[in-house]
Amino acid sequence: MSATADAVDCDVHNAVPRLSALFPFLPDSWVDYCRETGVEGFDPAFYPPGAPLSARPGSRAGEGPPGSDPDVVRAHVLDGAGARYAILNCLYAVQALHNPDWAASMARALNDWQAATWLAADTRFRASIVVSTRDPHAAAQEIERRAGRGFVQVLLPASAPAPLGQRSYWPIYAAAEAADVPVALHPGVGGANPLSPVGWPSHYIEDYACAALTLQSQITSMVAEGVFAAHPGLQVVLLESGVTWLPSLMWRFDKNWKALRREVPWVERPPSHVIREHVLLSTTPFDAPPAIDRAWVDRFLTQLGSVRMLLHAGDYPHWHHGDAPTALLEQLSPAERELVLHGNAARVYRLPEEIGCARGH
């Protein structure tokens, strides 16, 4: 049995094979609009098709992009790797559309396609609800429509038209809290702003290496703007951007809060306390030194605050050429490993009780 057998893989990327696959789920007027505009699709540009890290060997099926065939994903993630459940995060970039009605319709069609093509294909798949932040009220309606029945979280691109803590986005968080599903932030462009906080870079490697900076900005915004004070039941999952940067951010955030807390009176506790209560992070890619031992893991977990904040993830079909997540698992105690592999995910995603045995730890 592998080290990840029976795990919940919290970051699996299913892909749309071609734009026409969504046409059966779109109103005729939007199908005509797509054809008349000549758009060929919304495949994310932040995973170049030819880049080695964009696709693991064998993840392509026919002419479709990596991750577009449910049978291939099932074989690699569920059957081959032994994961008990796979949380699907579809990065088809409909959120980047400036037309709010078109973006909302494309997101709705994308969710219906996921239900018909992926959730119906295997009961071990769970999906994320794709919404557009262009119209937060429409996004809230889509969350209300789709939450449950296989959809276990809301997916937002980390780069949005404005910081995600701002109150215009709060209908999304109210709907997620009411539906008891977390909101996941994943690197990606959902507006005119770049992934970099300082502007558009010249090279792809800059975008990829600095992906965590956008998530740092967004979680800082959500805490400072009072999202968690207004929505105390909300959980946020940070995907595919490392984890070891969070302790230093929390330290600086706490330090500045002590001097400036009058500016944000709704933040009644140190920001680190709020983050530890409401935020979880995926372990791939795991930004660790080349070799880690138990002493290093103890320091990291002490600084982070709790092993209950970590979620196992494979990031299929992307390829990070590293074994740091496995090295982390090998250094954890059996109880800690159980939490990371499935206990924490069972709690946050409300998965069936047979994988929730770690809840009592």
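Residues numbered from 1 in each chain as written. Predicted model: local features only at pLDDT ≥ 70, side-chain atom pairs only at ≥ 80, totals over all residues. Heavy atoms only, no water.

1. What about the overall build of the chain?
Stage number 1. Along the chain, the regular secondary structure elements total 13 helices and eight strands.
Stage number 2. Each principal axis of the C-alpha distribution contributes one length, and for the chain these read about 55 × 50 × 45 Å.
Stage number 3. Across the 361 residues of the chain, 55% fall into the buried class.
Stage number 4. Accessible surface, the chain: about 15100 Å² in total, of which carbon and sulfur atoms supply 54%.
Stage number 5. Separation between the mean location of the 28 positive side-chain charges and that of the 38 negative ones in the chain comes to 7 Å. (Helix = DSSP H or I, 4+ residues; strand = E, 2+ residues; numbered from the N terminus. Buried < 20%, exposed > 50% of the residue type's maximum accessible area, 1.4 Å probe, protein only. Areas by Shrake-Rupley, 256 points an atom, 1.4 Å probe, with all protein chains shown as cover. Lys, Arg positive; Asp, Glu negative; His and termini not counted. Charge placed at Lys NZ, Arg CZ, Asp CG, Glu CD.)

2. Focus on the sheet that holds strand 1 (residues 8-12)
Either a parallel or an antiparallel arrangement is found when strands of a sheet pair, and the pairing is made through backbone hydrogen bonds.
Stage number 1. Here we have eight strands laid out as an open sheet, ordered 1-2-3-4-5-6-7-8, and parallel in their pairing. Looking at strand neighbours, the two that pair on one side only are strand 1 and strand 8 (310-311), the edges of this open sheet.
Stage number 2. Sitting on the sheet, helix 3 (residues 100-119) touches strand 2 (85-88), strand 3 (125-130) and strand 4 (151-159), and the angle it makes with strand 3 is about 175°. (Pairing = 2+ DSSP bridges. Contact = heavy atoms within 4.5 Å. Axes fitted to C-alpha atoms, helices over the stretch in contact; angles between N-to-C directions.)

3. So, the pattern of salt bridges
Stage number 1. Throughout the structure, instances matching the rule amount to 13 salt bridges.
Stage number 2. In this structure, the salt-bridge partner of R124 is D122, at a minimum N-O distance of 2.9 Å.
Stage number 3. For R124, a relative accessible area of 24% puts it in the partly exposed group.
Stage number 4. Among the residues examined, D122 registers a relative accessible area of 10% and is labelled buried.
Stage number 5. The closest approach of N and O atoms between E142 and R145, which form a salt bridge, is 2.9 Å. Here the residue E142 and the residue R145 both occupy positions in helix 4 (residues 136-146), the gap between them amounting to three residues, near one helical turn.
Stage number 6. According to the relative accessible area criterion, E142 is buried, its value standing at 7%.
Stage number 7. Classification of R145 as partly exposed rests on a relative accessible area of 22%. (Salt bridge = Lys/Arg side-chain N within 4 Å of Asp/Glu carboxyl O.)

4. Details of the pairing of strand 5 (residues 183-189)
One face of the sheet, then the other: side chains in a regular strand alternate in exactly this way.
Stage number 1. The buried count for strand 5 comes to seven of seven residues, which makes it a mostly enclosed element.
Stage number 2. Side chains V183, L185, P187 and V189 of strand 5 all project onto a buried face; the interleaved residues A184, H186 and G188 project onto the opposite face, where all are buried too.
Stage number 3. Examined bridge by bridge, strand 4 and strand 5 share five bridges and lie parallel to one another. Bridge pairing in strand 5 places L155 opposite A184.
Stage number 4. Alignment of strand 5 against strand 6 (residues 236-238), held across three bridges, turns out to be parallel. Counted as the bridge partner of V183 is V236 from strand 6.

5. Comments concerning helix 7 (residues 211-224)
Owing to its 3.6 residues per turn, the α-helix aligns residues three or four sequence positions apart on the same side.
Stage number 1. Relative to the 20 Å expected for 14 residues at 1.5 Å per residue, helix 7 spans 21 Å between its end C-alpha atoms, a close match to the ideal helical length.
Stage number 2. Among the 14 residues in helix 7, 10 count as buried, and that is most of the element.
Stage number 3. Taken residue by residue, helix 7 has A211, A212, T214, L215, Q216, Q218, I219, S221, M222 and V223 as its buried positions. (Expected span 1.5 Å × (residues − 1).)

6. Regarding the layout of surface pockets
Stage number 1. As a volume, the second largest pocket reaches approximately 340 Å³.
Stage number 2. Forming the walls of the second largest pocket are 17 residues, and the residues nearest its centre are A15, P44, Y47, P65 and P66.
Stage number 3. Each residue belonging to the lining of the second largest pocket can be placed in one class, and the counts come to 11 nonpolar, four polar and two charged. (1 Å grid on protein atoms, 1.4 Å probe; cavity = no way out; pocket = protein on both sides within 12 Å on 5 of 7 lines; lining within 4 Å. Points joined across faces, edges and corners; volume = space filled by probe spheres on them. Nonpolar A, V, L, I, M, F, W, Y, C, P; charged D, E, K, R; others polar.)

7. Re the confidence of the model for the chain
Stage number 1. With 94% of its residues at a pLDDT of 70 or more, the chain has an overall mean of 91.
Stage number 2. Across residues 356-361 the pLDDT falls below 50, and counting only partners more than four positions away or on other chains, this stretch makes 16 contacts in the model. (pLDDT = per-residue confidence, 0-100.)

8. A short note on the environment of E268
Stage number 1. Inspection of the secondary structure puts E268 in the loop between helix 9 (246-260) and helix 10 (271-278).
Stage number 2. In sequence terms E268 and E36 are 232 residues apart; their C-alpha atoms lie 53 Å from each other.
Stage number 3. E268 has contacts with W257 and R261, leaving out every residue within four places of it along the chain.

9. Some points on the state of the cysteines
Stage number 1. Within this structure, the stated rule accounts for zero disulfides.
Stage number 2. Not part of a disulfide, C90 finds its nearest cysteine sulfur in C34, a span of 15 Å. (Disulfide = S-S within 2.5 Å.)

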